[in-house]
Every structure is written in C-alpha cells, then in structure tokens.
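# Observations on chain architecture
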Amino acid sequence: MQVLHKQWLQISRLLRGEYVVNAVRCTSVIVAPVIVFANIGLIITGIYMGLGTLLVSLTDLPGPRVNRLRFLILGSLTLGLVAFITAVAQPSPWLIALLMISFCFGFSMLAAYGGNLNAIGSLALIMMVFAIGLRPVDPFSFALPVISGGIWYTACTGIDTYFFPHRSINNALSECMIAMSHFLRKKAEFYNGDIPLADAYKDIIPGHLSVCEKQESLRTILLSKTTVFNKDYRSGKLIRLTAEVIDLYEQILAIHYDYEFVRKTLQELDILEQIKRMIEDVADQLYLTGISLHVAGKKRYQIPIASNNAVLTQLKQVAQMGDANTADLINAICKNIEQICNKLTLINTLAVAESGSSEEIDSTDAIRFSSIPRIDFSILKQHLSYHSPIFRFALRLTVLCMVAYILMLFVLPGKYSYWLLLTIVIIARPGFSVTKRRNVQRIAGSLAGIFIAYGLLNLRLPIHAQFLLIAAFLAGYIGFLYVNYLVSVIFITIVAIIGLHLLGGNNHSLLIQRSYTVLLGGGMALVAAFLFPSWETNRIRNLIKNALASNINLLEDLVSLTKLQSVNLIEYKLKRKQVFVDTANLYKSFEHLRNEPPSTGFDLDLLYRFQVFNHELYASTSSLFHSQLNEDQFQNNPDIIKSLEFSLSYLKKGLSVISGTAEVSAISDKEPHMDSYCFDDHFDVPKQLEVITIRAPQVYDQTKMMNAFWMRGISK
C-alpha cells in the first residue's frame, strides 16, 4: 500500500508539477490570440500578438505576485517600445546599426541587476532581432499587438496567481525538500566502504549547491514585504514551514564526521551497511514529504518514523558493547537521525494544520532573509568599468552583433539571414564556460530539430494537424526550458520551421539557412569569447575570500556560544545562509573554470581540496553549534575554547593571505599545526572538533599555495 501511495505521489508531482502546469498555461495563453485572430482573417496580427506573449512569458521568473506583475507590465512596455523603434528604423541600415549599438550595450548592462531585469534586457534584444527579420510595414500594427500580447499574458498571470496564490511557494518548498533528500542520499555514500571518500566528496558538493539554489528560490518567492507582513494564517504558516525546512538542512549537515575514522571504526563492527540503509530510508521519507507538500493537499504523507526504531535500538545495543569513542560516535549518529525524523514530523504537522501563525518568527527578522535584489542606479554605476565582466560582455556582444549585421547585409542576404543575429544573441553569455555549453546545446538541438522538422514536413499533414504539432512542441519548449535546454532547443526549432512553412516559406531555403546560420552564429559567439574576455580566474580570489570570511563568522558564533556569551540565533542563521551562498558561488565558479582554456586556468586540484576542507569546516561547525544549543556538555570548556580559537586564528591568517593583507614570506612555515595542539588526556574530544582543528591549518596551507600561484602569475 505504501509503495502504491509513493507511486501515486510521484505521478501526481509529474502532472501537477510547476514545469508541466506552466507549460500548459503558457502555451494556452500564447496560442489563444493566434487562433482568435486567424478566424477573423488577421493571422499576421495574431502571430505578432503570440510573439509578444511568448517573449513576455520568458521574462516571468519566480517571485512574489506583486513583483511578478510589475515586471511583466514593464517587460510588455519595453518589448513593445523596442518593436516600434526598430520597425521605424527598418528602412535605414545606418539607423538600425546605431540602434543595435545602443540596444546591445544598454540592455546587456541590465545583467548587473540579475533576475527579471536581466531577462527583460535579453528578451528586448531578441525582439529587436525579430523586428529586423520580420520587416513589418507598419510600426504601429507591429508594436501594438506585441504590447497587447504582453498585457494579455500579464492579465492571465494575475488571474492565475489570484486563485492559486500559494502554488509557486508549495512547489518551491517541494523542490527544496527533494533536493535535500538527494543530498542526504549522497551523504549515505560516506558509509559505503566500496566507494572512495574522494568520490563521495565529489558528489556531495554539487548536492549542496543544488540545495542552496532551491533555498534561494524559496526565499525569493516567499519573503517579500507583502507576504511577510500579511497577517493571514496561510502566510504565517508558510513562513514557519519554510523556516523549519531550512533548519532541517542544518540537521542533515550535522551528519558529518571524520569519515575515515567512521569507516575504520564501524567497519570492524559490521554496521556500516545498516547505517547507510537507515540514512537512505530517511532520505526516501524526506523525498515523499517533499512530494506531498506539493500534490497531496491536506492528505499529507505521514512519516513512518517507527520503521527506523528497530535499527536504532540495535545500533544503540552495539554502542553499549564498544569502547567510549565508538559508543559516542554511534549514539551521535542515532541521535541525529532521530532529530531529522522529529523535524520531518513537525513539518508534516505544520503542513496539515488548519491554522498557523508566524508568532515565533518576527516579520522584521523574516524580511532580512529575503533574496530579492534591490534596483538602484548605483549598482549599474559600479559596473560601468572595464574591470566589470558585465561591461566587457556588453562590449563583446555589441561588436559581435555589428559584425553579424554586416554579414547579413553584404554576405548572407536572404529572407532568414536574421537567424544569424538571433543565434548570437541567444548563445553569447558573459562567461566562456556558459557560452561554450550553450553553443554545443544550441547547435546540437537545432540540427536535431531541423532533421525532425524535415521528416514532419514530408508527411504533408493537414494544416490543423501541423498547428496542433506547433502547440505541442511549443509546450515542450516551455516545459523543458529550465530543465533540459538541449531538448527545448529541439522543440523550438521544430516550432519555428513548421510555423514559417505554414506562412508560405520555402522548405529547402528554411532548412538550409537555419543550418548554416546556427553553425556560423555558434562559431562566432565562441570565438568572440576571447574578445574582451572575462575569465573565472580573475574573480576566483574574491570568491575564495568570501567563502572563507563567512566560515570565520560562523565559527566565531560557535566560540561565543561555547564561552556562554549570548548569540543571536537570527544573526547566526543569516551567517549560515551567507556560508551557503558563498560556497555555492565558489563551486559554480569552479565548474566554469574546468571548461575554460588551459592557458587561463587555475590549479583545479588545489581549489578542489580547498572546497572539500571548507565544506567539512562549515558542516562540522554547524553540527557542533547545534549540539551546543541542545546540551551544555561542552559549554565553557577551556579545552574546546582553546581549540576553537586555535582553529579560528589559522582561518583568519588564511583570510589575510588570500586578501593580500599579509606577507606570506613573513609567516613561518614551522608554525604549530594541528598535531601540536594537544587535548588533555581526560577530555573526550568531539569528532566534529577534531575535524575543525585539523582542517583549519590545512585551509591556511591551501591559501598560501593559492597565493603563491597568483604571485607567480603576476611575476610573469
């Protein structure tokens, strides 16, 4: 019965998931005006309105309802204005060239604000390209349907969010818990003796990045002033539920130990596999809870905590027969599992509660966790410098588009030559790594889409059947856009080719021009990445510094708590959030570095070790902080205080080195390391503390080696 219920939840999540619902909703909204205007003999007007609806829908990012509607209105007006101005300038290539320079640079600079404004800037450039390619005769008859399409989508979104105000939040909560369940399952691999620890760490850091991204998305959607200061019970319950879900992740991080010691100790007792299966079972329960938060309404999936009781009891019995260190380790693991299950039970209880409040979470405190970026001209002003990667990208895209436009005018004249410009605007990105990945996906997806479209056109299907195919592939494009970009490119290529065929396009010309413009545009975008380049090597130092600084802030709170000094839990959670954000940014930069040319590269092994040590530090710090909150066993203990201050001093020296405020040569290589710090023989050292005291000096060593790498680069 439980298996059937699990399968039903998984199917329901698929059918009622945000991507499927959004794909069906957007496709219906886009196709509706095309059908209506086609039936009254205004097919071109309908297509223009559908184009406006599609492009505005792509600027609609997750967020609070009021913010979404404001940006949708702004996007509708911006795209309409761009469409009108470009159509007016269409007769003069010189005006188009001047317009392209202004639009490419100006709209690219909106990337400084990220989020919706960045999306509006990107889609405005795409609208400019469509206006150049479609060559509308009357600017008003082109721009007005575009604006109308945007307003139509905004109205539909307003109605949808009015009747289903919490769907996006529920989905974000669900996605966050599912990412946490995947992370916990990866943590279980540390108890698998057949998998090397190095391989386990390679999986755990990307898992942490995924959870951090889901948490940021959740905060962005939920924590707006409108939601936080809304006193209705539903908003209060969602804020409390979100806080508990994020706190649950700290409980999951608390399952962190010296895994080399764990494997060596527990392998002899033959219980590693039992612990692994128990953690995987909890991960399954977490996964099902995440699904039920989104699809099961008030009939939530209840967590079968009792199913672990037999294993927990058996493990505790084994602990009683072992020595003190073994007993402490096993009991700590069991206790952590119980705490995770208790937190899951609380989340389930809150989810099904008929009423709720945010009394435990002050509105002023809650809004401090908001991830919604502010819009301020000073932010843009900071990026008006050649040192800014956004400024360099704006210059690069401007030059690239001008070269493409010249090719369109003199080398590649043709009805669909504007696809070259469209390919460049879509593929080109500030970083080399993203541009390279987009290039491969765009070319592969376009060629696959051309092949499929060619086969479909040869079937000579009725017009209504072709129109249904367009609607189906359009839904697929929207549904896969943020899930699998390659698949979405295949679908939108098919939509474009069949759509243009219905408008009287020549099949042979369509396929040929689509093929060579994609190949040429992709090649130009990749080569242009070396023009005004923005390499990750140039920003990695600041990211390392930020990650180390946020780790120091977290450790300082642990020191204060151990000294029995007051620690503001809200401040601690803000610092914890910053640790997650900074470490996630560092890992993303690491992934980009791996795809950059070797000549620009960094010592990836060195950076990888730093990330692993850094992960162990904040995981152990969070674990120890959590145990200190619930027990006073180690509070005000001089050994713990000295060892933490010992570790803190090394991290601060490492931060000085990486910040360039310390002379590395002046720091003795013979400084006492972790093995020079001796705990009293009578003191039972927590394993998390051992990890911290070992890793802190190692992190310091990594900073010295990375600094030496940079110094060699400067001296060349």
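Just so we're clear, the structure is a prediction, and the values are computed from it rather than from any experiment. (Residues numbered from 1 in each chain as written. Predicted model: local features only at pLDDT ≥ 70, side-chain atom pairs only at ≥ 80, totals over all residues. Heavy atoms only, no water.)

### A closer look at the overall build of the chain
- Looking only at helices and strands, the chain has 28 helices and zero strands in total.
- Across the 716 residues in the chain, those meeting the buried criterion constitute 54%.
- Pairs at least 24 apart in sequence give 83% of the contacts found in the chain among residues at least 6 apart.
- When the accessible surface of the chain is split by element, carbon and sulfur atoms take 61% of a total near 31,300 Å². (Helix = DSSP H or I, 4+ residues; strand = E, 2+ residues; numbered from the N terminus. Buried < 20%, exposed > 50% of the residue type's maximum accessible area, 1.4 Å probe, protein only. Contact = heavy atoms within 4.5 Å. Areas by Shrake-Rupley, 256 points an atom, 1.4 Å probe, with all protein chains shown as cover.)

### A closer look at the confidence of the model for the chain
- Averaged over the chain, the pLDDT score is 80; the fraction of residues at 70 or greater is 83%.
- In the predicted structure, residues 1-11 sits below a pLDDT of 50 and forms 13 contacts with residues beyond four places in sequence or in another chain. (pLDDT = per-residue confidence, 0-100.)

### Describing a nonpolar patch on the surface
- Taken together, Y19, F480, Y482 and V483 make up a surface patch of nonpolar side chains, about 400 Å² in accessible area.
- In this fold, Y482 is placed in the loop between helix 21 (463-480) and helix 22 (485-502). (Patch = residues over 30% accessible without salt bridge, like charges linked within 9 Å, V, L, I, M, F, W, Y side chains within 5 Å. Salt bridge = Lys/Arg side-chain N within 4 Å of Asp/Glu carboxyl O.)

### A closer look at helix 12 (residues 259-269)
- By the burial criterion, the buried members of helix 12 are Y259, V262, R263, T265 and L266.
- Phi turns positive, to about 60°, at D270, one or two residues after helix 12.

### Looking at the packing of helix 18 (residues 389-410) against helix 19 (residues 418-427)
- Across the interface, helix 18 lies against helix 19 with an axial gap of 9 Å and an inter-helix angle of 165°. Between helix 18 and helix 19, the angle is such that the two are roughly antiparallel. As helix 18 packs across helix 19, the resulting crossing turns out to be right-handed. Here helix 18 contributes L397, L400, C401, A404, L407 and M408 to the contact with helix 19, which in turn contributes Y418, L420, L421, I424 and V425. (Axes fitted to C-alpha atoms, helices over the stretch in contact; angles between N-to-C directions. Parallel < 35°, antiparallel > 145°, perpendicular 65-115°, else oblique. Left-handed = near helix turned anticlockwise from the far one by under 90°.)

### What about the packing of aromatic side chains?
- Scanning the entire structure with this criterion turns up 20 aromatic pairs.
- Taking the centre distance of 5.1 Å and the plane angle of 20° together, the rings of Y416 and W419 count as stacked.
- Exposure remark for Y416: the relative accessible area of 4% places this residue in the buried category.
- Of the residues examined, W419 reaches a relative accessible area of 3% and is grouped as buried.
- Taken together, the ring pairs in this structure connect F130, Y416, Y418 and W419 into an aromatic cluster.
- Directly above the aromatic system of Y485 lies the positively charged group of R438, at a separation of 4.1 Å from the ring centroid.
- The lysine or arginine in question, K653, covers the ring of Y650, its NZ or CZ lying 4.3 Å from the ring centre. (Phe/Tyr/Trp six-rings, centres within 6.5 Å; stacked < 30°, edge-to-face > 60°. Lys NZ or Arg CZ within 6 Å of the ring centre and 35° of its normal.)

### Some thoughts on the environment of K214
- Structurally, K214 is set in helix 9 (residues 197-222).
- Excluding its chain neighbours within four sequence positions, the residues that come into contact with K214 are E175, C176 and A179.

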